[in-house]
Amino acid sequence: MTLQESTGRLLAAIEAEDFTALAKALEARAAAIAQFRASRPSPASIAMGQDSLRAGQTACLLLQALKQRIASESRRLAQIQEGFVESLRHSHQSRVDYRG
Amino acid sequence: MQIAQIPITALQNQDANVLSQETLLGTLNTSVGTLASSLSALGALASGQSLSATSSDPTAVTAAVSGATQPATYTINSISSIATTASERSTASFADASSTAVSSTGTMELVVGSQTTTFTLTTNTLVGLRDQINSLGAGVTASILTTSNGNYLSITANNTGATTLQLRDDPTGANTNILTNTPSTVVGETTTGLANATSTPVSATGTLNLTVGTTTYPISLSDNSLTGLENQINASGAAVTASIVTDSGGNSHLSLATNVPGTTTLSLIDDPTGAATSLLTNTPQQGTNAVFQLNGINLSQPGNVVNSVAPGVTFSLLAPTTSPVTVTLATDPTQLSTALQTFVTDFNDTKSQVLAQSGPAGGLLSGDLAVNQIAALLRQITGYSSSTGTVQSLTDLGITFDNSGTLSFDQTTFNALSQTQIADGMKFIGSATTGLGGFSASLTQFSDPVTGLIQTEQQGLSTTDQDIQAHITTLTDRLTAMQTAMAAQLNAADAAVANLTNEQQMLTASLQGLSLVLYGQNPVTPA
């Protein structure tokens, strides 16, 4: 798999929030980088490598954003649960006073 | 994780409230039940005229009211003997309770009344004999008496009354009774059982001779039945008491017991001038029956508690006496005032619990249906009145209440009531089911442990508690699963970020190296 292909899969996995596919894409990209390092340099390959480097930087930003979204959803879930239980807790009966 | 736990805590708080409500209802239930009992007891006392029994000689006879509802007087003319337990000891002593043999063959026979038990000693010693007798369930207790002359076996019947007590060694051989035999009364019983005590003829000719010691009492039956014979013997003046006993086959026998302890002979001969048939078997008896005369009627029974002769009153015979003892059943205002005080105390306990759940500062049971209805019922009780008699309200009996409905009992006011007012007070109170006492049933509708309204509410709360617990469990499971999944995702994201950062560094380094080879310079900016 080429460096371009593996980087593309990396971005697709982040977009799909598929951490299994993400792990496989990272493995493939690491292998592609090793091949790229051992390849004969050419202007085209240098340009392709620079494109992949920029795409990797984008992937980093997307991954950080995904982490924040997961943390945010966790907190939102807690708030939903708390609100639900609170609504139960405040449903009490009416009061009638007694005087002997 | 901490944020996600908050809903669980809130549910647990709700559950704690439910459990507290259950506890409050349980306490209220006990209090209402107690109040119902005190009202019922008060009513029962009033309907029974608040009777109390007094004895002219408490050292000989005591008495207690056990249901009587009318004043009465009873005379215990005399008490020949009070019931005692049969108790014997071995005639011989044994040097060592744990090693000296007590039986020549190891086989023994215990006789208690009409019950004979044969047993083989597992350990042929006094200790072994004692333990084995105690394990027979024969109605006796064996123990060892240690004296300077050695160890003796003591056997005592568990219940009072005249009975036979024998312990025989080698019953099929020498058949030796190893107990002392000190008969305290003599009891005779007819050999033949009769199918019907009131109709089957007991005598061939209707003429009999009863002999006690050396005195003979001729009897000519006006009613030739066991009951007729019993009545005529008891009226004959002989120092014996006749009674009818029924055997296991349902047949009736006449039982005669001497009224005075001591050795004597006892015989009952049918047709003395003809066939001269002896009707009795004589048995030496240990222990004694209670033999006494109540309102002129001769009576004999195994125990000293007499509760089947006079309806609603129980006599306890304590000592023999030849002087008449008078037992009087009369109205006792003290019992009534004590019951009223108990009612006031129990009422105030319930009242305070209801008040604690009422008003702006009321507890968790504020607005509860049962609490509201009990409050209304308490108001009915305090407001109960009668339109007849000199006592028409609780106030007339010395019970007052303050603004909160709490009652007070004024003993001085009660003590000043006349006999007429006491009588009218008992009519006002009614019985366990009518009048003031009738509120007991209304209260029981709340406190009944099976069908009571409070119990129903407790069951509802219990169900709610179970629902909340199930809810908490489900929610906890879901949260745990979601938290686990999110934690795994965050871990995977962290690992991916680390790998990606490493790859970017490797790619940057590779580009630098390749650019240097191709262009002799480094145009790449590190990631």
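Note that the structure is a prediction, hence the values are computed from the model and not measured. (Residues numbered from 1 in each chain as written. Chains lettered and ligands numbered in written order. Predicted model: local features only at pLDDT ≥ 70, side-chain atom pairs only at ≥ 80, totals over all residues.)

For chain A, per-residue confidence averages 82 on the pLDDT scale, and residues scoring 70 or more make up 76% of the total. In the predicted structure, residues 89–100 of chain A sits below a pLDDT of 50 and forms 21 contacts with residues beyond four places in sequence or in another chain. (pLDDT = per-residue confidence, 0-100. Contact = placed C-beta atoms within 7 Å.)

This brings us to helix 8 (residues 439–447) of chain B. Among the residues making up helix 8 of chain B, those that are buried are Phe439(B), Ser440(B), Leu443(B), Phe446(B) and Ser447(B). Mapping the buried residues of helix 8 of chain B onto a view down its axis gives an arc of 110°, with all of them on the same face. (Buried ≥ 20, exposed ≤ 12 C-beta atoms within 10 Å, placed from the backbone. Helix = DSSP H or I, 4+ residues; strand = E, 2+ residues; numbered from the N terminus. Arc of directions from axis to C-beta.)

Turning our eyes to something else, we now look at the pairing of strand 12 (residues 207–212) of chain B. All names here are of chain B. Here strand 12 shows a clear split, with Leu 208, Leu 210 and Val 212 buried on one side and none of Thr 207, Asn 209 and Thr 211 buried on the other. Sheet topology note: the strand 12/strand 13 (residues 215–220) ladder contains six bridges and is antiparallel. Within strand 13, the position partnered with Thr 211 by the bridge is Thr 216. Remark: two residues form the turn of the hairpin made by strand 12 and strand 13, two consecutive strands paired antiparallel; Gly 213 in that turn has positive phi of roughly 65°. Pairing geometry for strand 12 and strand 16 (residues 266–270), over five bridges, is antiparallel. Looking at strand 16, one finds that Val 212 is bridged to Leu 266. (Pairing = 2+ DSSP bridges.)

So, on to the packing of helix 2 (residues 19–38) of chain A against helix 9 (residues 453–519) of chain B. Taken N-terminus to C-terminus, the directions of helix 2 of chain A and helix 9 of chain B make an angle of 15°; their axes are 10 Å apart at the nearest point. Relative to helix 9 of chain B, the element helix 2 of chain A is oriented roughly parallel. In this structure, helix 2 of chain A meets helix 9 of chain B at a crossing whose hand is left-handed. On helix 9 of chain B, the residues that touch Phe19(A), Leu22(A), Ala23(A), Leu26(A), Arg29(A), Ala30(A), Ile33(A), Phe36(A) and Arg37(A) of helix 2 of chain A are Gln489(B), Ala492(B), Ala496(B), Asn499(B), Leu500(B), Glu503(B), Met506(B), Leu507(B) and Ser510(B). Looking at the contact of helix 2 of chain A with helix 9 of chain B residue by residue, the classes come out as 12 nonpolar, three polar and three charged. (Axes fitted to C-alpha atoms, helices over the stretch in contact; angles between N-to-C directions. Parallel < 35°, antiparallel > 145°, perpendicular 65-115°, else oblique. Left-handed = near helix turned anticlockwise from the far one by under 90°. Nonpolar A, V, L, I, M, F, W, Y, C, P; charged D, E, K, R; others polar.)

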